[in-house]
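# Analysis of the macromolecular model
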Amino acid sequence: MTKLQRVKDIIIALILAFFALGMIFAPQDNYIVLLYIIAAWMSVQGISTIFYYFTMARYMVGGKVSLYTGVILLDFGLLTFSLTNVPYIYILLYLVGMLGFSGAVRILRTLETKKNGSKHWKLKLFHGVVDILMAVFCIINIKFSGATVMVFGFSVLYSSIMRIITACRKSTLVVIE
């Protein structure tokens, strides 16, 4: 990672942390904003992944996976745009599913990384466990409508802290001769 990429990651993480603190301290006011942010993020991520497929990945081994991922993300993003009039409990269940699934995938990938001999597996495992714990917290506080926004805010804050830690960590360089 170059110094410019590190600075860019730290700036993005600080902006996300500022945004997350706003979500945490005013959960009732930011419910619709939360929906639009999740929808916009998924839609943009899906479009960029589809663009990546058509520019590079279609020539790579396993490139169709990026096409499928992009289409699924775009579909979930468009679905989320349509959920503005749905009761908050469905959005909370949607967030629980996203957090639980991403936490489980992160834990499984961490176990595979540990098996391959990486020394940075503990922090990634902790990130996966925190995602699952946030999903459990959502289920426990399912009656409170502000829980959705607060959990999302804590999730974004935690991800921004992890992004800063990753940006400040020395990266190993592999040289093939």
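Rules behind the numbers
- Residues numbered from 1 in each chain as written.
- Predicted model: local features only at pLDDT ≥ 70, side-chain atom pairs only at ≥ 80, totals over all residues.
- Heavy atoms only, no water.
- Helix = DSSP H or I, 4+ residues; strand = E, 2+ residues; numbered from the N terminus.
- Buried < 20%, exposed > 50% of the residue type's maximum accessible area, 1.4 Å probe, protein only.
- Phe/Tyr/Trp six-rings, centres within 6.5 Å; stacked < 30°, edge-to-face > 60°.
- Contact = heavy atoms within 4.5 Å.
- Axes fitted to C-alpha atoms, helices over the stretch in contact; angles between N-to-C directions.
- Parallel < 35°, antiparallel > 145°, perpendicular 65-115°, else oblique.
- Left-handed = near helix turned anticlockwise from the far one by under 90°.
- Nonpolar A, V, L, I, M, F, W, Y, C, P; charged D, E, K, R; others polar.
- pLDDT = per-residue confidence, 0-100.
- Salt bridge = Lys/Arg side-chain N within 4 Å of Asp/Glu carboxyl O.
- Patch = residues over 30% accessible without salt bridge, like charges linked within 9 Å, V, L, I, M, F, W, Y side chains within 5 Å.
- Areas by Shrake-Rupley, 256 points an atom, 1.4 Å probe, with all protein chains shown as cover.

As a further point, take the overall build of the protein. Across its full length, the protein holds six helices and zero strands. Ordered by position from the N terminus, the helices and strands of the protein form the series α-α-α-α-α-α. Considered along the principal axes of its C-alpha atoms, the protein spans approximately 60 × 35 × 30 Å. A burial count over the protein gives 34% of its 177 residues as buried.

One pass over the full model with this rule turns up three aromatic pairs. For the ring pair Tyr 36 and Phe 81, a centre distance of 6.0 Å and an interplane angle of 40° mean the geometry is tilted. With Tyr 36 in helix H2 (residues 31-55) and Phe 81 in helix H3 (residues 64-81), the pair connects residues that are 45 residues apart, well separated along the chain.

A word on the side chain of Ser 43. Looking at the secondary structure, you find Ser 43 in helix H2. Apart from residues lying up to four places away in sequence, Ser 43 is in contact with Leu 73, Leu 74, Gly 77, Leu 78 and Phe 81.

A few words on the packing of helix H4 (residues 88-115) against helix H6 (residues 146-168). Direction vectors running N to C along H4 and H6 enclose 25°, while the axes themselves pass 9 Å from each other. Accordingly, the angle class assigned to the pair H4 and H6 is roughly parallel. At the point where H4 passes H6, the crossing takes the left-handed sense. Where H4 abuts H6, its residues Tyr 88, Ile 91, Leu 92, Leu 95 and Leu 99 lie against Ala 147, Thr 148, Val 151, Phe 152 and Ser 155. Looking at the contact of H4 with H6, its residues break down into eight nonpolar, two polar and no charged.

Turning next to the confidence of the model for the protein. When pLDDT drops low, the exact placement of atoms in the prediction is not to be read closely. The share of residues in the protein with pLDDT of 70 or more is 95%, and the mean pLDDT across the chain is 84. Mean pLDDT values for the elements of the protein range from 83 in H6 up to 89 in H3.

Throughout the structure, instances matching the rule amount to two salt bridges. With a shortest N-O distance of 3.4 Å, Arg 163 and Asp 9 are connected by a salt bridge. One end of the pair, Arg 163, is in helix H6; the other, Asp 9, is in helix H1 (residues 3-25), with 154 residues separating them in the sequence. Its relative accessible area of 31% is what places Arg 163 among the partly exposed residues. Note that Arg 106 is salt-bridged to Asp 131, the shortest N-O span being 3.7 Å. Highlighted residues: Arg 106 in helix H4 and Asp 131 in helix H5 (residues 121-140), separated in sequence by 25 residues. Owing to a relative accessible area of 32%, Arg 106 belongs among the partly exposed residues under this scheme.

Before going further, it helps to spend a moment on a nonpolar patch on the surface. Among the surface-exposed residues, Ile 32, Tyr 36, Leu 78 and Phe 81 lie close enough to one another that they form a single nonpolar patch of about 350 Å² accessible area. Of all the secondary-structure elements, those providing two or more residues to the nonpolar patch are H2 and H3. Along the polypeptide, Ile 32 turns up in helix H2. Take Ile 32: its relative accessible area is 36%, and that puts it in the partly exposed class.

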